[in-house]
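Now for the letters of each chain:
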Amino acid sequence: MSRPNVTTPSPPNPTGPFSLARLAVMRSLAVASPHPGAAFAARRRRLHPSAADRDSISQRCWRCEKTRDRSFGSSLRVSHLPGTLHRDVSKNLLTPTAAVSVEEAEATADLPKGDMWSVHKFGGTCMGTSQRIQNVADIVLRDLSERKLVVVSAMSKVTDMMYNLVNKAQSRDDSYITALDEVFEKHMEAAKDLLAGEDLARFLSQLHADISNLKAMLRAIYIAGHATESFSDFVVGHGELWSAQMLSYAIKKSGTPCSWMDTREVLVVNPSGSNQVDPDYLESEKRLEQWFVRRPAETIIATGFIASTPDNIPTTLKRDGSDFSAAIIGSLVKARQVTIWTDVDGVFSADPRKVSEAVILSTLSYQEAWEMSYFGANVLHPRTIIPVMKYNIPIVIRNIFNTSAPGTMICQQPANENGDLDACVKAFATIDKLALVNVEGTGMAGVPGTASAIFGTVKDVGANVIMISQASSEHSICFAVPEKEVASVSAALHARFREALAAGRLSKVEVIHNCSILAAVGLRMASTPGVSATLFDALAKANINVRAISQGCSEYNITVVLKQEDCVRALRAAHSRFFLSKTTLAVGIVGPGLIGRTLLNQLKDQAAVLKENLNIDLRVMGITGSRTMVLSDIGIDLTQWKEKLQTEAETADLDKFVHHLSENHFFPNRVLVDCTADTSVASHYYDWLKKGIHVITPNKKANSGPLDRYLKLRTLQRASYTHYFYEATVGAGLPIISTLRGLLETGDKILRIEGIFSGTLSYIFNNFEGARTFSDVVAEAKEAGYTEPDPRDDLSGTDVARKVIILARESGLRLELSDIPVRSLVPEALRSCASADEYMQKLPSFDQDWASERNDAEAAGEVLRYVGVVDVINKKGQVELRRYKRDHPFAQLSGSDNIIAFTTSRYKEQPLIVRGPGAGAEVTAGGVFSDILRLASYLGAPS
Ligand SMILES: NC(=O)c1ccc[n+]([C@@H]2O[C@H](COP(=O)([O-])OP(=O)(O)OC[C@H]3O[C@@H](n4cnc5c(N)ncnc54)[C@H](O)[C@@H]3O)[C@@H](O)[C@H]2O)c1
Ligand SMILES: N[C@@H](CCO)C(=O)O
Ligand code: NA
């Protein structure tokens, strides 16, 4: 395939189509001249190949790059890539020719993609300095596409500097002259850094010429005290002219042929009201074709932002104009891809300033990008998407400062491989500072024209309606408008409906201030059940009230209106539900003692597995002891929690701790794990549950405390969707509570629960043999971590009594702790010991008493066992030291084993027995951990 002729950048052309002189005539010719003005036409004639010239031109379609090396005038027709809708360039520009032969068509049908155009756009930041321009040149050179069209903005800040020149001149501030000097300096410095030799000389000569033209024009503006829009656009557009030329020289420097394009020669747009323009694609296409004939180049640097009217008056594409230029040009050349280079890694799933865990989206559909840009996500202006969408040209947003990031591709809907709900919602966005207007009344239902009257009134005050919702009962219609417009909207509605309000046909026109919108955006929400349920569930769990809802039947967007103060929390809750692991739990650990720290270590070891296998994301947001606490917004690094509790700790404050957890709605599900033995901590469960915080604990104090409190707690918990789990309070990790619940919930009748409920006392009596002393064995049990923080709680039987109470209440008995007769193993003399240590020190003096009690039992072929009984039939509980024959199951235990026998209607002859270690750090923490996972599963984690 032969190469087209390539032209070098055009020499400075002070009398070119958009010179100062030209601008002046253009205005006078504007109406008379239906085609590019006289100078442009002359230049075109000059550049247009004559028949003789054309003989030497390699004919090449400028879009699909099919090339024909034929002399002009011979049979020539270009075949185009399938599906690219290309027009035959030869038809438009060259002599009509015979149809292409079949062989020719076949030979050209499958041109590789790389043969097509790649369009890039580099914004002002990318073009900020000479070094950055060089970087842009390098990126362009690295793109191996055969044809490259690069759209550039002015160097950063230059557009503002240029507008400033105009403003100064028209307000007769003669500092415009020094300001223009600054513009000159900036470009001269950059060019000197970047270029050398002849290229530099050419550029500087052009720059000089442009600056002196601008000076004259600004002078005219200064004298007139006024600049028309086209004058202003003419001045401002120079930033792009200079940056495009500099880049094109920089690329040429590396030996790669390159042309620059003044897009005012090509892009034709019509003004279309409120600071917008509509491209004239047909005319632009025609002019682009002409441009290519004149300057067929492989790499073209085009000016962004600027264009001209059909009458060749310079204009701009307005806001985000360079993106728009790239999209229009991309669609004109049917580019393979349009890459928009910017300073972010791509489009985020939510505003990263509000959601620190927002992720970069790898793909977005055109519609999604469109929706996102509406919501102010700094993606692309919606109009940028329209031109490329028509031809399914992907737009890729990439970070010039991080070229390793793949960016976000905006393209036709990519396949949803796994049908996940989270693949349906692509992103979340919010709009603040809104007010809801609610028009309500019985006179609206079935009355055609009410909506029209309402919105006609809103239109008359020029307010922008952001969202509308009307339930099908038609008794009310509500809509959101910007807060700053609501006063006039409300006043206008009151005036418009004065009579209806007076007559009672309308009951109110109400304004709800301080609202925000949260929108979930995703093309695949359409026809996917469960998306809105998941969204609203996430909001409900975060305790967020929804004021209004709107979803169009296109289903690209679900919009909810909420209180502005809830908006960020709502955004985070929704985002984490869809974008983080399926079940995300914010955990607060109270009491990092033996059980608490063992649990933290287990969480640390298992977190990755849970995330990977069960989609459960556990984040420990805070750890508090009785003196210090450490808090985190995203989750404490569990490999370092101990150090953090020392180095980053603050004074413990349980209220603050709970507030931190409940107010952090980054994670919608929150659980407090009480690993203390503290009654006062347990007394907070009610409030925590009320706040929507789940509670998990091995602490027996709440369930064995005053009956009325216990009942209140259970009633609240049953009436809410908040969970309270306490498996480890009885038998540590053994499934005691869950077994009992299983029996009860399936309709079994509990008759009696009897067993050894104390790991400590089990250990003591299992090991209190031979020459061993009682006090030694107690010390061992304490050392092994079986005892309560104060071992007297075990020895006194209180711990067992608490467990008996817990099971009794679970079985429906309404007993108080004081209703349970308990045989205490703490000698009377030691009950008043001030501390556990003092008790442990004095204990040996009672070893002899214990030895004789044990010996008595042994002599009878029996062992001592400390048992608890829940007698459901007689509604009683009891805790005592009993003697059992050596062959009794209770006599067969070892270590800290618990054994619990459930005698029920179904398990009457043989009780259901659960046996195993019932105390100790690992098994207890494991029991607490499994409650956490039970909670996760209640909250929706997969089983
Ligand atoms: N050890 C076991 O085998 C076992 C088995 C089942 C249940 N339990 C229960 O587990 C809980 C913890 O037992 P442990 O052995 O880890 O006790 P521990 O004394 O080692 O730990 C308790 C921790 O809680 C802290 N704490 C106390 N009051 C606090 C408060 N108001 N605020 C914050 N922190 C406070 C303490 O400073 C300590 O760090 C107890 O309720 C116990 O009954 C223990
Ligand atoms: N101290 C208790 C811990 C388990 O609740 C025991 O020994 O059984
Ligand atoms: Na248990």
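Residues numbered from 1 in each chain as written. Chains lettered and ligands numbered in written order. Predicted model: local features only at pLDDT ≥ 70, side-chain atom pairs only at ≥ 80, totals over all residues. Heavy atoms only, no water.

Caption draft 1: Representation of the overall build of the protein within the structure. Counting its regular elements, the protein contains 36 helices and 32 strands. Within the protein, buried positions represent 55% of all 943 residues. (Helix = DSSP H or I, 4+ residues; strand = E, 2+ residues; numbered from the N terminus. Buried < 20%, exposed > 50% of the residue type's maximum accessible area, 1.4 Å probe, protein only.)

Caption draft 2: Representation of the site of ligand 2 in the model. Residues in contact with ligand 2 amount to 13 residues; listed here are only the nearest, Lys-700, Gly-759, Thr-760, Glu-788 and Asp-794. Side-chain polar atom of Lys-700 to an oxygen atom of ligand 2: 2.6 Å apart, as the coordinates give it. Here an oxygen atom of ligand 2 sits 2.8 Å away from a polar atom, N or O, in the side chain of Lys-803. Alone, ligand 2 offers 250 Å² of accessible surface; in the complex the protein occludes 94% of this. Those elements giving two or more residues to the shell around ligand 2 turn out to be helix H30 (759–767) and helix H33 (798–810). (Near = heavy atom within 4 Å. Polar contact = N/O pair within 3.5 Å; in protein donor to acceptor, adjacent residues only side chain to side chain. Areas by Shrake-Rupley, 256 points an atom, 1.4 Å probe, with all protein chains shown as cover.)

Caption draft 3: Representation of the nonpolar core. Formed by 71 residues in total, the largest nonpolar core has its most connected members in Trp-688, Ile-753, Phe-765, Leu-795, Leu-807 and Phe-902. Looking at which element gives the most residues to this core, the answer is H33, with 7 residues. In contact with Ile-753, other than residues within four places in its own chain, are Leu-740, Leu-807, Ser-811, Gly-868, Val-869, Val-870, Ile-900, Ala-901 and Phe-902. (Core = buried A, V, L, I, M, F, W, Y, C linked by side-chain atoms within 4.5 Å. Contact = heavy atoms within 4.5 Å.)

Caption draft 4: Highlighting the site of ligand 1. Looking at ligand 1, there are 26 residues lining it, with Leu-594, Ile-595, Thr-676, Glu-788 and Gly-920 nearest. A distance of 2.7 Å separates an oxygen atom of ligand 1 from a polar backbone atom of Gly-920. A distance of 3.2 Å is found between an oxygen atom of ligand 1 and a side-chain nitrogen or oxygen belonging to Thr-924. When isolated, ligand 1 has an accessible area of 830 Å², and the protein chains bury 81% of it. Broken down by class, the residue content of the shell around ligand 1 amounts to 12 nonpolar, 11 polar and 3 charged. (Nonpolar A, V, L, I, M, F, W, Y, C, P; charged D, E, K, R; others polar.)

Caption draft 5: Molecular detail of the sheet that holds strand E17 (residues 476–482). Read across the open sheet, the 6 strands follow the order E16-E17-E15-E18-E20-E19; overall the sheet is antiparallel. Where the open sheet ends on each side, the last strands, each with one partner, are strand E16 (467–470) and strand E19 (546–551). With direction set aside, neighbouring strand axes in the sheet form an average angle of 30°. Taken together, the 7 bridges between strand E18 (residues 508–521) and strand E20 (residues 557–563) define a ladder with antiparallel strand orientation. Residue pairing for E20: Ile-517 is matched across the bridge by Val-561. (Pairing = 2+ DSSP bridges. Axes fitted to C-alpha atoms, helices over the stretch in contact; angles between N-to-C directions.)

Caption draft 6: A look at the pairing of strand E25 (residues 669–674). Of all 6 residues in E25, 6 are buried; the element is thus mostly enclosed. Alternating residues of E25 divide into Asn-669, Val-671 and Val-673 and Arg-670, Leu-672 and Asp-674, and every residue in both groups is buried. As defined by bridge partners, strand E21 (residues 583–590) adjoins E25 across 6 bridges and the pair is classed as parallel. The residue of E25 that forms the bridge with Val-590 is Asp-674. Pairing analysis gives 3 bridges linking E25 to strand E26 (residues 694–696), with the strands arranged parallel. Within the sheet, the bridge partner assigned to Leu-672 lies in E26 and is Val-695.

Caption draft 7: Quick look at the coordination of the sodium ion (ligand 3). Every protein donor of the sodium ion (ligand 3) is accounted for by Glu-727 (O), Glu-727 (OE), Val-730 (O), Ala-732 (O) and Leu-734 (O), and the metal-donor separations fall at 2.3 to 2.5 Å. For the sodium ion (ligand 3), all donor residues lie on one chain, and their spacing in sequence is E-x2-V-x1-A-x1-L. Judged by its relative accessible area of 5%, Glu-727 is buried. What makes Val-730 buried here is its relative accessible area of 0%. (Donors = N, O, S within 2.8 Å, 3.2 Å for Na, K, Ca; no water.)

Caption draft 8: Quick peek at the confidence of the model for the protein. Chain-level statistics for the protein give a pLDDT mean of 84 and a share of 84% at 70 or above. Reported confidences for the modelled complex are a pTM of 0.61 and an ipTM of 0.96. (pLDDT = per-residue confidence, 0-100.)

Caption draft 9: A look at the side chain of Ser-632. Among the structural elements, Ser-632 can be located in the loop between strand E23 (628–631) and helix H23 (641–647). There is a polar contact of 3.1 Å between the side chain of Ser-632 and the backbone nitrogen of Ile-634.

Caption draft 10: A look at unusual backbone geometry. Look at Phe-305: it is not a glycine, yet its phi comes out positive at around 75°. By the element assignment, Phe-305 lies in the loop between strand E8 (299–303) and strand E9 (306–308). Located in the positive-phi region is Lys-433, a residue other than glycine, with phi close to 55°. Mapped onto the elements, Lys-433 comes out in strand E15 (residues 427–440).

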